[in-house]
Structures are given as structure tokens and as C-alpha cells.
Amino acid sequence: DAGVTQSPTHLIKTRGQQVTLRCSPKSGHDTVSWYQQALGQGPQFIFQYYEEEERQRGNFPDRFSGHQFPNYSSELNVNALLLGDSALYLCASSFQIAGLSSYEQYFGPGTRLTVT
Amino acid sequence: AQTVTQSQPEMSVQEAETVTLSCTYDTSESDYYLFWYKQPPSRQMILVIRQEAYKQQNATENRFSVNFQKAAKSFSLKISDSQLGDAAMYFCAYRTRGVSGTYKYIFGTGTRLKVLA
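Predicted model only: the values in this text are computed from it and were never measured.

As a further point, take the overall build of chain A. Looking only at helices and strands, chain A has zero helices and 13 strands in total. By the compact-globule yardstick of 13 Å for 116 residues, chain A fits well, its C-alpha radius of gyration being 14 Å. Along the first, second and third principal axes, the C-alpha atoms of chain A reach 45 × 25 × 25 Å. Summed over all atoms, the accessible surface of chain A reaches about 5400 Å², with 50% contributed by carbon and sulfur. In chain A, the 8 positive side-chain charges and the 10 negative ones have mean positions that sit 12 Å from each other.

Structure, rendered in C-alpha cells:
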């Protein structure tokens, strides 16, 4: 049973460029959350997708957007990259049953984004 | 808004000894979950233990146990018989209910645990 997978592993971009990160949830999971983890910090919640809709959003600008596909996989897009966007981006998946969320999130290995 | 505070940036423990990592949180909710996650150098975030706020009994998972003090809003992690493989960043996390019945997690800043041979 594959866990949460993310691609790519590492990415280097230039200021002003756009980037797309991808996440496939754990088998049986239908909810995907994205986190930004700056060096030496804890993960910060970006947003969460369920039923192909953004359900919750953290304190991130509109430059951060996402999408969820019918197979539950998800993308995180960041436009107009800034140096401060350099971080580890983590994807986590969970599932919903009868309107209730599972209490566990399973994390992927992350994508290390470097903006130069 | 909920907050999670880890006041120990770094801790060290001798192999086979016991260490306690501290975490405090602030919330006005009465029903919530608390977690400890481990993040080794490989970056994979791994769930160590969870605690439901409505349960008075402290959670235990093998060598890992918590001391949950709801009134004090304290949630510490005790690692017994420390092993070299326990060396990692440890994050305390709070699960808060958001809109649409979904949840989001608020993480502390982490404690780096070093295990000395």
C-alpha cells in the first residue's frame, strides 16, 4: 500500500517564476492538506482540499492556489515566487466518513523548493 | 486563535535514559486532539502518539507516553529507554475544527532531540 507521494523531490526556481507541486494521497484517503515548512520551523497550514474544493485556508496570499482531481490527487501552485517562498512543502492526506474526519494525517516526504 | 508553544529548541539525552519534551497550547475549544510528530533528517513526518482531549487517561505507545494536563493546557512527551533512532525533530500539534466540518493542524516550532551514545 503506497503512502503519500510527492513530486518532485527538489526544485530550484527563480524569483517571479511559477511552480507546481504534486501530491498523491494514501490509498483510501480523499482529503489533502498542504503545509509550508520553513527551515527550522514547524509546518504552517496552507489549505485543504476535499471533494475537489478548497475547504479551509491558512494565512497565505492568493499567489498560493491549488486543485484536487477526481482521483483525489492534488496540486499546489505558487505564482510570482519570492525568496521567502523557499521551504519544504508537505502534503498530508486523511479521509472523511459520514462527515467526520479521521484524526490522523499521513504526510508525504515533501518537496524542497529553493527560490534564487 | 489556537497556538502551540514548544519552549525547548533542543534537548539531549543519553542512550537508554528518559527524556521529556514540553508543549503548551492555547484554545477555547473543549473537544480537540493533540499529537506528537517525529521528523527525522529524511523529512518524513511520522505520527508518534495522539491524545483525545475528552480522555483523562494519558496515551501510551510502547516507549512513548504523554502527560496531558487539560486545565493547564500542557501536553508533554516522555520517551523512555531512548534509542539512537529517536534522534529527530519533534513537533507538537493541535487539531482544530474548521469550516465545513474539516480540520486543520497547528504545529509548534519543534524540539530537536539528540541522543548521545
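So that's the structure; there's more coming.
Let us look at the pairing of strand 9 (residues 87-94) of chain A. Consecutive side chains of a regular strand alternate in pointing toward one face of the sheet and then the other. All names here are of chain A. Of all the eight residues making up strand 9, eight are buried; the element is thus mostly covered by neighbouring parts of the structure. Burial along strand 9 is two-sided: Ala-87, Tyr-89, Cys-91 and Ser-93 facing one way and Leu-88, Leu-90, Ala-92 and Ser-94 facing the other are all buried. In the sheet, strand 4 (residues 31-37) pairs with strand 9 via seven bridges, with the strands oriented antiparallel. What sits directly across from Tyr-35, in strand 9, is Leu-90. Sheet topology places strand 9 next to strand 13 (residues 111-115); three bridges connect them, and they run antiparallel. Bridging across to strand 13, Ala-87 finds its partner in Leu-113.

Under the definition given, this model contains 17 aromatic pairs over all chains. Their ring planes at 50° and their centres at 5.7 Å tell us that B:Tyr37 and B:Phe107 sit as a pair that is tilted. Separated by 70 residues along the polypeptide, B:Tyr37 in strand 5 (residues 33-39) and B:Phe107 in strand 11 (residues 103-107) bring together distant segments of the chain. Classification of B:Tyr37 as buried rests on a relative accessible area of 0%. B:Phe107 gets classed as buried once you look at its relative accessible area, which sits at 6%. Each member of the aromatic cluster is reached from another via a ring pair, and the members are A:Tyr35, A:Phe45, A:Phe107, B:Tyr33, B:Phe35, B:Tyr37, B:Phe91, B:Tyr105 and B:Phe107. The ring of A:Tyr106 has A:Lys26 lying over it, and the distance from NZ or CZ to the ring centre is 5.1 Å.

What follows concerns the interface of chain B and chain A. With 22 residues of chain B in contact, the opposing surface of chain A contributes 28 residues. Approximately 2100 Å² of surface area, both sides summed, lies buried where chain B meets chain A, with 48% of it carried by carbon and sulfur atoms. On the chain B side of the contact with chain A, B:Arg43, B:Thr102 and B:Tyr105 bury the most area, a combined 29% of that side's loss. Counting across the interface, chain B meets chain A through zero salt bridges. Where chain B packs against chain A, one counts five residue pairs in polar contact (both at pLDDT 80 or more). Sorting the residues of the side of chain B that touches chain A by element identifies strand 5, strand 6 (46-52), strand 10 (88-97) and strand 11 of chain B as the ones contributing at least two each. Of the residues that constitute the side of chain B that touches chain A, the class distribution is 10 nonpolar, eight polar and four charged.

Moving on, we come to the pattern of salt bridges. Within this structure, the stated rule accounts for nine salt bridges over all chains. The partner of A:Glu75 in a salt bridge is A:Arg22, and the shortest N-O contact between them spans 3.4 Å. Of the two residues, A:Glu75 is situated in strand 8 (residues 74-78) and A:Arg22 in strand 3 (residues 19-24); the sequence distance between them amounts to 53 residues. In this structure A:Glu75 comes out as buried when scored by relative accessible area, which is 17%. For A:Arg22, a relative accessible area of 41% corresponds to the partly exposed category. In this structure, B:Lys55 and B:Glu52 form a salt bridge, with 3.8 Å as the shortest nitrogen-oxygen distance. Residue classification places B:Lys55 among the partly exposed positions, given a relative accessible area of 39%. A single network of salt bridges, built from pairs that share partners, joins B:Arg50, B:Glu52 and B:Lys55.

Calculation rules
Residues numbered from 1 in each chain as written. Chains lettered and ligands numbered in written order. Predicted model: local features only at pLDDT ≥ 70, side-chain atom pairs only at ≥ 80, totals over all residues. Heavy atoms only, no water. Helix = DSSP H or I, 4+ residues; strand = E, 2+ residues; numbered from the N terminus. Rg over C-alpha atoms; globule rule 2.2 N^0.38 Å. Areas by Shrake-Rupley, 256 points an atom, 1.4 Å probe, with all protein chains shown as cover. Lys, Arg positive; Asp, Glu negative; His and termini not counted. Charge placed at Lys NZ, Arg CZ, Asp CG, Glu CD. Buried < 20%, exposed > 50% of the residue type's maximum accessible area, 1.4 Å probe, protein only. Pairing = 2+ DSSP bridges. Phe/Tyr/Trp six-rings, centres within 6.5 Å; stacked < 30°, edge-to-face > 60°. Lys NZ or Arg CZ within 6 Å of the ring centre and 35° of its normal. Contact = heavy atoms within 4.5 Å. Buried area = accessible area lost by both parts, 1.4 Å probe. Salt bridge = Lys/Arg side-chain N within 4 Å of Asp/Glu carboxyl O. Polar contact = N/O pair within 3.5 Å; in protein donor to acceptor, adjacent residues only side chain to side chain. Nonpolar A, V, L, I, M, F, W, Y, C, P; charged D, E, K, R; others polar.

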